[in-house]
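Topology and contacts: notes
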Amino acid sequence: MLSFKKPWAIAGGWSIDLFLGKATRDHDDIEIIIYRTDQLVIREYLNDWNFNKVQNGIITPWKRNEILVPPIHETYAEKGFEKIEILLNESNAEYWIYRRDTRIQREFNKTILTTNSGIPFLSPEITLLYKSKNPRPKDEIDFRNIYEYMSIEQKQWLQYSLKLIYTEHPWIELLS
């Protein structure tokens, strides 16, 4: 992916660990995000991989040149024993947009961060926003591992976003 010319980032639990600079738990898979507008570009970039999409919980082939529209956002690329989950993220000319509530947006330069070695990863506040819906034990672990290391601005953005969606959420008070 390092030579992929469009914005992309490691997502999920690995993005938390990349922010922290260390592995904090076992991970089952690798997830990346790209912007929906770049979906055909990733297909061309991984042209010898097999692609599937998830629609209403059902995995079906993602046909070449097929344009995926919301609510489809989850895809998989497979080649041999390698498998990558590719999550399509919404955006406009200036902002990443939260697919579950378009009132929540983030500037591009605050959406994808980069490690010292050049690996792009989804910012922790956005990762946690996705994990906030029905958090599983591993999502709670990720929150506990990272929230103290986030900047004040990142915490405020996440807290505001959680309040906007849920009114009440167990993470809101911890972000104060």
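In the block above lies the structure referred to throughout.
Here we summarise the structure given alongside this text.

**Description of the environment of Asn-134**
Relative to the assigned elements, Asn-134 resides in the loop between helix H4 (124–131) and helix H5 (137–146). For the pair Asn-134 and Tyr-45, spaced 89 residues apart in sequence, the C-alpha separation works out to 34 Å.

**Quick notes on the pairing of strand S3 (residues 50–55)**
Pairing of S3 with strand S5 (residues 74–79), which is carried by five bridges, proceeds in the antiparallel orientation. Looking across to S5, one finds that Phe-51 is bridged to Ala-77. The pairing of S3 with strand S4 (residues 58–61) spans four bridges and is classified as antiparallel. Each residue of the ladder has a partner; that of Val-54, found in S4, is Ile-59. Connecting S3 to the next strand, S4, in antiparallel fashion are two residues, including Asn-56 with a positive phi near 55°.

**Structural notes on the packing of aromatic side chains**
Taken as a whole, this structure holds ten aromatic pairs when the rule is applied. A ring pair is formed by Phe-4 and Tyr-45, whose centres lie 5.2 Å apart and whose planes are at 65°; its orientation type is edge-to-face. Taken together, the positions of Phe-4 in the segment before strand S1 (8–10) and Tyr-45 in helix H2 (residues 39–45) put the pair 41 residues apart, joining distant regions of the chain. Taking the relative accessible area as the measure of exposure, Phe-4 reaches 6% and is therefore buried.

**Notes on the nonpolar core**
Within the largest apolar cluster, 26 residues are counted, with the highest numbers of intra-cluster contacts made by Ile-33, Trp-96, Leu-128, Leu-129, Trp-157, Leu-158 and Leu-162. Ranked by residue count, the leading element in this core is H4, at four residues. Apart from residues no more than four positions distant in its own chain, Leu-129 is found in contact with Trp-96, Tyr-98, Arg-100, Ile-104, Trp-157, Leu-158, Ser-161, Leu-162 and Ile-165. Phe-4, Ile-10, Ile-32 and Ile-72 belong to the second-largest nonpolar core, a separate cluster that totals 17 residues.

Rules behind the numbers
- Residues numbered from 1 in each chain as written.
- Predicted model: local features only at pLDDT ≥ 70, side-chain atom pairs only at ≥ 80, totals over all residues.
- Heavy atoms only, no water.
- Helix = DSSP H or I, 4+ residues; strand = E, 2+ residues; numbered from the N terminus.
- Pairing = 2+ DSSP bridges.
- Phe/Tyr/Trp six-rings, centres within 6.5 Å; stacked < 30°, edge-to-face > 60°.
- Buried < 20%, exposed > 50% of the residue type's maximum accessible area, 1.4 Å probe, protein only.
- Core = buried A, V, L, I, M, F, W, Y, C linked by side-chain atoms within 4.5 Å.
- Contact = heavy atoms within 4.5 Å.

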